[in-house]
Amino acid sequence: MPSRSERSHYVRVPAPWVAGCSDTGLRHSTNQDALCLAVRGDSHEAVVAVADGVTTAFGSEVASLIAAETLVEQLIRRTGSGEAIDSAFTQGFAAANDAVLNAQDMPAACTLIGAQIAHDVIVVGNVGDSRAYWLGDDGTVSLLSTDDSMAQARIMLGMSRDDAEASAQAHAITKWLGRMATDVQPTLVSMPITGNGWLMLCSDGLWNYASSPEAMGQAFYGVGGGGPQQLSEALVSWALDQGGKDNVTVVVARIER
């Protein structure tokens, strides 16, 4: 895990097929995003997480770091002992919430998204508005996660994504971990792996500039090729070039059948 000083910009590469990059951005003094990555031995299995501290809550850089690390540890332990994946995610998010609450005298808050990559399936769980995208080699791009936000609520009522995300309080989140959280049950989605492609997790520091699957696909493929490390760093740099108004964190995993 990075120290406070290292969090201005850092890269993690636990295996050649998965990597992550996080950066403070151009307008904030601290990086309240965090990532945690773990790969199981030589297998093509991994657990990854991205957390985004709630800016208005003091100490959110601590909350995000603890939440991401706790979820990854919990998923590794629970699924390794044979616990059902739905239960592992539910209990993992509950443990992450408890860890955030117990970390400081005045608990902070954060979003959290995590993914378990197995041989034939990807499972994603999230609370808040950090996201997961699938970018297939066949050209399909899918938003796997569902935001817990006012914008998403308006989308579900029929408003277009562009209008909803430009509306008042669009980025106000309706679920989070930590201080004053009332619902930490993650939204889960499973995606069978039927072809090659990329799984990407990111904070809103990236997707603010490319929210729809179509826009994200253009950004992803527009930064050029390369492996996971090159792509994660290039996407962070791309977000900075767009204005870098928030902390930016990107995790990329290459999935091949």
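Here is what the cut-offs are and how they apply
Here the residue numbers are simple positions, counted from 1 along each chain's written sequence. pLDDT decides what is reported in this predicted model: residues at 70 or higher carry local features, side-chain atom pairs at 80 or more are listed and counted, and totals for whole chains, interfaces and linings draw on all residues regardless. Hydrogens and waters are ignored; side-chain quantities use all the structure's heavy atoms. In DSSP terms, a helix is any run of H or I states spanning at least four residues, a strand is any run of E spanning at least two, and both are numbered starting from the N terminus. Only protein chains enter the accessibility calculation, which uses a 1.4 Å probe. A residue is then buried if its area is under 20% of the maximum for its type, exposed if over 50%, and partly exposed in between. Aromatic rings from Phe, Tyr and Trp, taking only the six-membered ring of Trp, are treated as a pair when their centres fall within 6.5 Å; an angle between ring planes under 30 degrees marks them as stacked, one over 60 as edge-to-face, and anything in between as tilted. Two conditions define a charge located above a ring, namely a distance within 6 Å from the ring centre to NZ of Lys or CZ of Arg, and an angle within 35 degrees of the ring normal. Working rule for helices: expected span equals 1.5 Å times residues minus one. Within this document, salt bridges are pairs made up of a side-chain nitrogen of Lys or Arg and a carboxyl oxygen of Asp or Glu, the two lying within 4 Å of each other. At least two DSSP bridges between two strands are required for those strands to pair. Here an axis means a line fitted to C-alpha atoms, over the contact stretch when the element is a helix, while the angle between two N-to-C directions is reported on a 0 to 180 degree scale. The contact definition used throughout considers only heavy atoms, calling two residues in contact when any of these lie within 4.5 Å. Each crossing is labelled by how the near helix is turned from the far one, with a counterclockwise turn of less than a right angle marking it left-handed and a clockwise turn marking it right-handed. Amino acid classes used here: Ala, Val, Leu, Ile, Met, Phe, Trp, Tyr, Cys and Pro are nonpolar; Asp, Glu, Lys and Arg are charged; the rest, including Gly, are polar.

*Asks:* Summarise the environment of Phe 220; cite the residues concerned and give the values.
*Replies:* With respect to the secondary-structure elements, Phe 220 resides in helix 6 (residues 213–222). By relative accessible area, Phe 220 is classed as buried at 1%. Note: C-alpha distance between Phe 220 and Arg 40 (180 residues apart in sequence) is 26 Å.

*Asks:* Tell me about the packing of aromatic side chains, residues and numbers included.
*Replies:* Counted under the stated rule, the structure contains 3 aromatic pairs. Positioned over the ring face of Trp 207 is Arg 131, at 3.5 Å from the centre of the ring.

*Asks:* Pulling in residues and values, what's your account of helix 2 (residues 85–103)?
*Replies:* Over its 19 residues, helix 2 runs 26 Å from end to end, which matches the ideal 27 Å to within 8%, given 1.5 Å per residue. Listed as buried for helix 2 are Ala 88, Phe 89, Gly 92, Phe 93, Ala 95, Ala 96, Asn 97 and Val 100.

*Asks:* Now, about the pattern of salt bridges: what can you tell me, with residues and values included?
*Replies:* Under the criterion given, the structure shown has 8 salt bridges. A salt bridge links Asp 147 to Arg 131, with the shortest nitrogen-to-oxygen separation between them at 2.7 Å. Pair noted here: Asp 147 is in the loop between strand 8 (141–143) and helix 3 (150–156) and Arg 131 is in strand 7 (residues 131–136), with a separation of 16 residues, a long-range link. Take Asp 147: its relative accessible area is 6%, and that puts it in the buried class. Here the salt bridges do not stand alone but share partners, grouping Arg 131, Asp 147, Arg 161 and Glu 165 into one network.

*Asks:* Could you give me a rundown of the sheet that holds strand 12 (residues 248–255), with the residues and numbers involved?
*Replies:* An order of 1-2-12-11-7-8 is seen for the 6 strands of this open sheet, with the pairing classed as antiparallel. Pairing within the sheet leaves two strands with one partner each, and these edge strands are strand 1 (9–15) and strand 8. Within the sheet, the average angular offset between the axes of one strand and its neighbour, ignoring direction, is 15°. Where strand 7 meets strand 8, 3 bridges bridge the pair, whose relative direction is antiparallel. Counterpart to Trp 134 in the pairing with strand 8 is Ser 142. Sheet strands in contact with helix 6 are strand 7, strand 8, strand 11 (197–202) and strand 12, and its direction is about 70° off that of strand 7. Contacts from helix 7 (residues 228–241) reach strand 1, strand 2 (18–23), strand 11 and strand 12 within the one sheet, and its direction differs from that of strand 12 by about 150°.

*Asks:* So what's going on with the side chain of Gln 74? Residues and values would help.
*Replies:* Relative to the elements of secondary structure, Gln 74 occurs in helix 1 (residues 60–80). Gln 74 gets classed as buried once you look at its relative accessible area, which sits at 13%. With sequence-adjacent residues up to four places away left out, Gln 74 is seen in contact with Gln 91, Gly 92 and Ala 95.

*Asks:* Can you tell me about the packing of helix 1 against helix 2, naming the residues and giving the values?
*Replies:* Relative orientation of the contacting elements helix 1 and helix 2 amounts to 145°, with a least axis distance of 8 Å. Between helix 1 and helix 2 the crossing geometry is right-handed. Contact residues: Val 62, Ala 63, Ile 66, Ala 67, Thr 70, Leu 71, Gln 74, Leu 75, Arg 78 and Thr 79 in helix 1; Ile 85, Ala 88, Phe 89, Gln 91, Gly 92, Phe 93, Ala 95, Ala 96, Ala 99, Val 100 and Ala 103 in helix 2. For the contact of helix 1 with helix 2, a count of residues per class yields 15 nonpolar, 5 polar and 1 charged.

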